2 protein chains.
Amino acid sequence: MAIQKPTLPKGTRDFGPLQMARRNYIFDIIKDTFKLFGYQQLETPSMENLSTLTGKYGDEGDQLIFKILNSGDYLKDVSVADLGAGAGATLPKVSEKGLRYDLTVPFARYVVMNRNEITYPFKRFQIQPVWRADRPQRGRYREFYQCDADVVGTDSLVCELEILLMIKRVFAHLGLDDYAIKLNNRKILTGLAEVIGAAGREAELCVAIDKLDKIGWEKVQDELIERDFVQAAIDRLNPIISLQGSNIEKLDFLSTFLASSEVGLKGIAELKEVFELLTKYGEDEKFVDFDIVLARGLSYYTGAIFEVKVNNVSIGSVSGGGRYDNLTGVFGLDGVSGVGFSFGVDRIYDVLEELNLFPEKQLEGTKVLITYFDDEGRDYGLMVLNQLRSSLISAELYPDTAKIKKQFTYADKKQIPFVIILGSEEIEQKQVSLKNLLTGDQKSCSLEDAIAEVKNSIID
Amino acid sequence: MAIQKPTLPKGTRDFGPLQMARRNYIFDIIKDTFKLFGYQQLETPSMENLSTLTGKYGDEGDQLIFKILNSGDYLKDVSVADLGAGAGATLPKVSEKGLRYDLTVPFARYVVMNRNEITYPFKRFQIQPVWRADRPQRGRYREFYQCDADVVGTDSLVCELEILLMIKRVFAHLGLDDYAIKLNNRKILTGLAEVIGAAGREAELCVAIDKLDKIGWEKVQDELIERDFVQAAIDRLNPIISLQGSNIEKLDFLSTFLASSEVGLKGIAELKEVFELLTKYGEDEKFVDFDIVLARGLSYYTGAIFEVKVNNVSIGSVSGGGRYDNLTGVFGLDGVSGVGFSFGVDRIYDVLEELNLFPEKQLEGTKVLITYFDDEGRDYGLMVLNQLRSSLISAELYPDTAKIKKQFTYADKKQIPFVIILGSEEIEQKQVSLKNLLTGDQKSCSLEDAIAEVKNSIID
C-alpha cells in the first residue's frame, strides 16, 4: 500500500491534551451553571433526515448543510437527464440525511416527537458539535460546538431573568469582568417601526440598524433610504440612535416615545419587569445594558433579545439568544413558546486566550510521576502508585526503566507538578523522596506525608 | 409550508434527560478512571478525509463508512459513462470525506501528524461518537460512542497491568461483580499454531476457535477441517480446548505444551509478568481469567488480548482491546507500538439496566423546587432561590403562578426530592416550609436549616 501523508479536512481541528483541558474548563463551568439552574441535558443524533433540516435556515443555510451519501448503490436512481439538471435536482435521489446544522431544529423535532412525555416547562441544555459547509476562516470552522439552554412551555419572564443570571455566573467563573449583556425586546423594535410610520417593517429596519456599530449612523441612514424608508421616518429615529443614560432612564424616555404603540409599551413593560426580577433576586444591573438597536437579525425572536459582547478583544460577540413564540410550528405543533440562549465556546476560548485568563495551574492531568532506577524501584513504585490512586491522586509510574533525566523530562513536558523518586535508600527506609517541580523543593518523607502534601497542593 | 411529521434516521437515537443522566454516570466513572491513571483527553474531527479512512477496515468496513457529499455542484465531474460504471467508480468524484468509523485510525493519524510535539509514552483517551452504515438491530446503532484508552511509545507490560486495573476500577464503581476479564496473548496463539504443525496459520485457527463459546468444539473442528487443517493438528488441540485450572496452572501446562515454540514461550513469559505486576501492585487475580482460546478475530494484535464478559446477561461482551506493534505504519510512521482498550458504553448501559444496577437516587437534576401561591410568594421565592444556588444546590422556582398541585406534579415528574412551599405564613415569619417528597416529611424552619438539610441529603 502506498504511504499516505495524512491531513485534516479543511475547517476541522484536532484538540490535543492542553486544548481539551482548556475546553473542558469552559464546558464544565457552563454545564455546572445549567445544572444549578435546573436544566436537563439532551443529546440528539448527529444525522437528521434532510426533510427535518431543509427549509429551516434559508436558502443559504440549506446550501451549507453537509449531506450524507446514501449507502450502497447511491446512483441507481440518477438518470442521464438528471446529470444535466444539476446538483439540486439529483440531491433527493442520492442523499436522505444531513449533519446537524444547529441545536435548535433538532430540539424542536425532539419536542414534537416527545410532546406527550415531556414535563413542561421543559428546561433543556444541549452541548454538541454542529457542522456547516462554510468557507473556513479565522474563528470560523466547519465543525464547532454549540452550548444551548432553552425553556419551552412558559412565557414567564423569570426565564429571561435566569438567562441573565446564568450569563453572569458563567462569565464571573471564567474571570471575565469587562463585558456587556446587551438586552432588547422585539416588541420595542415593532413599536419603533410603528411610531416612525413604518409599521410592520421592523425586520428591514433592524437589518440596517444592526450595522450601526460597524458602519455608523450616516451609512445606516443611506441604507434605510435605499430600503425605501422616507426621510421623515429616519429623522424620527434620531433621538433613539443618540439615546444615552442608565437602563431605567432609557426605558423612561421610551415610555413617552412609544406612547402611541401598544406593542411597544408591552415591550417596555416586559423589560422593566425583567430588571425588577433581577433586583428581587438580589442581583444588580451590572453588566446588563438595555440596547434599543440590538436586533441580531433574527426574525423569529418575538420578545427578549440577548447578546454578550466582551470589551477590548478582537472578536467581541460571544453569545446570544432570545424569546420565540413558535418553536415547533414548522413540525405541526403550535403554541410552544420559549426562550433560549447559546454560549459560543470557540469564541470564549479565543477571548480567554487573548486576555490570558486561563488558570496558570495545570487544569487536568497527572499530579505525581513515580520515577525509579531499577526493577526493585519499579516494584516498590507499584505499591506507591496504588496508594496514591487509592487517595484519588492522579498518578503514573514511568513504565520503562530509563535514565532519571528522561523520566523528569516526561514529567516536565506533561506539566506534572510532583515527582516521587525511589532509590535504594528510599526503598530501604520505606520512605519516598518527593520533589515539587514548581518550587524545586525536595524532601524525604513517609508516603503518607507525601500524599498529604500533594493533596493539600491540589486543593489550593 | 407543508407540515412534516418528523422522524429520526434509522439506527439513531435521542437521549432524553434520564438516559443522559445514566449515560453520564457511566462516562464519568470511566473518565475519572482514565484521568486517575494519567491518560490525557484527545478529540478528533467527526469528518476525516476518505483517504485516511479507506483501506483500514477491510472491504466490508469501507462499505460501512458514511460518506459526505462534496459541497456545491457535486456532480460536475460525473460523466454519463460514470453512471454506468456504478457507485464505486464515481465515489471519488462526489465525496472526499467520511464520518469517523472508529477512534483508532483518527488516533493513528493524529500521532503521525503530531509526532514531534507528542510526549512519549503518550497516554491518550478519547470518548466520541463513531458512525457505521450497518443494518440496525437490537444493541447495534449507526451512531454510538466509543471510549478508548491507548498508550503508545512503550512496550512495558506495566501498561497491560494498568488496563486490568482500569477495568477492575470501572466495573467495581459500576457495581458489577460477576464478570470476567479474559486475557490472552497473540504470541501464545502463534506458538499454538507452531506446535500443532500449522505455523503461520494462527489467524485462521483463531477465526474458528473464536466460535468455541457459540458453536462448541465439534463444530469448530468441522470448520478447521474445512479450512484445510489436518486431523492430526486438530487432535493436538484437544488438551488446550479442555484446559482447566487456575491461571498459573494453565500457564504451567502451556510451558510444557509450547516448549518447542520460542514465540509461544515469550507469550507465556509476558502473561506471567503481567500477573506478577498485578501482585506487586497489591491487587489479586480476581476477575482475571487467562483464556487461551480468546482471539477477538483481530489480526493486528501482537501481544496481549483483552475482553470483558459480564456473566448472566443477554449481551455479555462489553469491552475489549490488545497490544499492537505498528499503529501508524499505514501512514508511513513505523515503530509506534502500543496497547489499547475500549469500553463499550452502550452495552454497559444495557447490562446495568438489565441487572437493575443504576443507582436508585436521582443521578442529576434539580434538588429543590420552590413553590408559591402569588406574586408576593414569587418575590420571596426569588431571594430563596438565590440563597440555595449560592450554596451550590441545584434549585428552581416554578416560573408561573399556578395551582400548587400543578407545581408539585412538576417536582414529581422531574424527580425533584425537595419542595419549598412559600405561603403567607412563611413570608410573614421569614421561614420556609420544606417538604421531602421521598419521605413525605414536612416542616417549617429557617432557610439556613432547610439548606443544611438538603445539603446533608445530597451527601448521603
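For every chain, the first residue of the written sequence is number 1, and numbering continues from 1 along that sequence. Naming scheme: in the order in which they are written, chains are lettered from A and ligands are numbered from 1. Side-chain atom pairs in this predicted model are given and counted only at pLDDT of 80 or more, local residue features only at pLDDT of at least 70, and totals for whole chains, interfaces and linings cover all residues. Note that the side-chain values use all heavy atoms of the structure and ignore hydrogens as well as water.

**Focus on the overall build of chain A**
Runs of E in the DSSP output that reach at least two residues are strands. Runs of H or I that reach at least four are helices, and both are numbered from the N terminus. Helix and strand counts for chain A stand at 18 helices and 16 strands. Our radius of gyration is a C-alpha quantity, and the globule rule it is checked against amounts to 2.2 Å times the number of residues to the power 0.38. The C-alpha atoms of chain A give a radius of gyration of 28 Å, which is well past the 23 Å a tight globule of 460 residues would have. Each principal axis of the C-alpha atoms in chain A carries an extent, and together these give about 90 × 65 × 45 Å. Summary of the burial criterion: residues with accessible area below 20% of their type's maximum are buried, those above 50% are exposed, and those between are partly exposed, where the area comes from a 1.4 Å probe applied to protein chains only. In chain A, which comprises 460 residues, the share counted as buried stands at 59%. Taking as baseline every contact in chain A between residues at least 6 positions apart, the subset at least 24 positions apart corresponds to 67%. As presented, chain A carries roughly 19,400 Å² of accessible surface, and 48% of it is formed by carbon and sulfur atoms. Within this scheme the basic residues Lys and Arg register as positive and the acidic residues Asp and Glu register as negative, but His and the chain ends are omitted. Lys charges are placed at NZ, Arg charges at CZ, Asp charges at CG and Glu charges at CD. Of note, chain A has its 55 positive side-chain charges centred 4 Å away from the centre of its 69 negative side-chain charges. We call two residues contacting when some pair of their heavy atoms lies within 4.5 Å. Only the protein chains shown count as cover for residues, with accessible areas throughout obtained via the Shrake-Rupley method and a probe of 1.4 Å.

**What about the environment of Glu-354 of chain A?**
Secondary-structure assignment places Glu-354 of chain A in helix α14 (residues 345-354). Relative accessible area serves as the criterion here: at 41%, Glu-354 of chain A is assigned to the partly exposed category.

**What about unusual backbone geometry?**
All names here are of chain A. The omega torsion of the bond from Tyr-120 to Pro-121 falls at -10 degrees, within 30 degrees of zero and hence cis. With respect to the helices and strands, Pro-121 occurs in the loop between α6 (104-113) and β5 (122-131). Although it is not a glycine, Asn-356 adopts a positive phi angle of roughly 60 degrees. Mapped onto the fold, Asn-356 is located in the loop between α14 and β12 (368-372). Residue Asn-356 is classed as exposed on the basis of its relative accessible area, which comes to 68%. Backbone geometry at Gln-415 places phi at a positive 55 degrees, although glycine is not the residue there.

**What to know about the relation of the copies chain B and chain A**
In the superposition of chain B on chain A (RMSD 0.1 Å, axial shift 0.0 Å), the rotation amounts to 180 degrees. Here the symmetry operator amounts to a two-fold rotation axis. Residue Ile-68 of chain B, judged by its C-alpha, is the member of chain B lying nearest the rotation axis, at 2.3 Å. A shared binding surface is used by both copies, with 100% of the interface residues of chain B retained as interface residues in chain A. Fitting of the copies onto one another was done by least squares over C-alpha atoms, counting residues only where both copies have pLDDT of at least 70.

**Section: the pairing of β12 of chain A**
Residues and elements named next belong to chain A. The element β12 is extensively covered by neighbouring structure, given that five of its five residues are classed as buried. Covered by surrounding structure in β12 are Val-368, Ile-370 and Tyr-372 together with Leu-369 and Thr-371, the residues of both alternating faces. Of the pairings in the sheet, the one linking β12 to strand β13 (residues 395-397) comprises three bridges and is parallel in character. Within β13, the residue paired with Leu-369 across the bridge is Glu-396. Here, any two strands with at least 2 DSSP bridges between them count as paired.

**A few points about the confidence of the model for chain A**
Residues at a pLDDT of 70 or more form 98% of chain A, whose mean pLDDT is 93. Our summary of model confidence lists the complex with pTM equal to 0.94 and ipTM equal to 0.93. What pLDDT conveys is the predictor's confidence in a given residue, as a value from 0 to 100.

**Considering helix α8 (residues 186-195) of chain B**
Residues and elements named next belong to chain B. Of all 10 residues that make up α8, nine are buried, and the element is covered over most of its length. Looking at α8, one finds that the buried residues are Arg-186, Lys-187, Ile-188, Leu-189, Thr-190, Gly-191, Leu-192, Ala-193 and Val-195. Two or three places before Lys-187, at the opening of α8, Asn-185 has a side-chain oxygen 2.8 Å from that residue's backbone nitrogen. Nitrogen and oxygen atoms within 3.5 Å of one another constitute a polar contact, given that in protein one can donate a hydrogen and the other can accept it, and given that sequence-neighbouring residues count only through two side-chain atoms.

**Observations regarding the interface of chain B and chain A**
Often, the extent of an interface is quoted as the loss of accessible area upon association of its parts. The partner chain A presents 107 residues to the 107 residues of chain B that form the contact. By buried area we mean how much accessible surface two parts lose on assembly, using a 1.4 Å probe and totalling the loss over both. Taken over both partners, the interface formed by chain B and chain A buries close to 9,200 Å², and the fraction arising from carbon and sulfur atoms is 58%. Any carboxyl oxygen of Asp or Glu that lies within 4 Å of a side-chain nitrogen of Lys or Arg is treated as forming a salt bridge with it. Applying the counting rule to chain B against chain A returns 12 salt bridges. The tally of links between chain B and chain A comes to 43 residue pairs in polar contact (both at pLDDT 80 or more). Considering each element in turn, the side of chain B that touches chain A owes the most residues, seven residues, to helix α15 (residues 375-390) of chain B.

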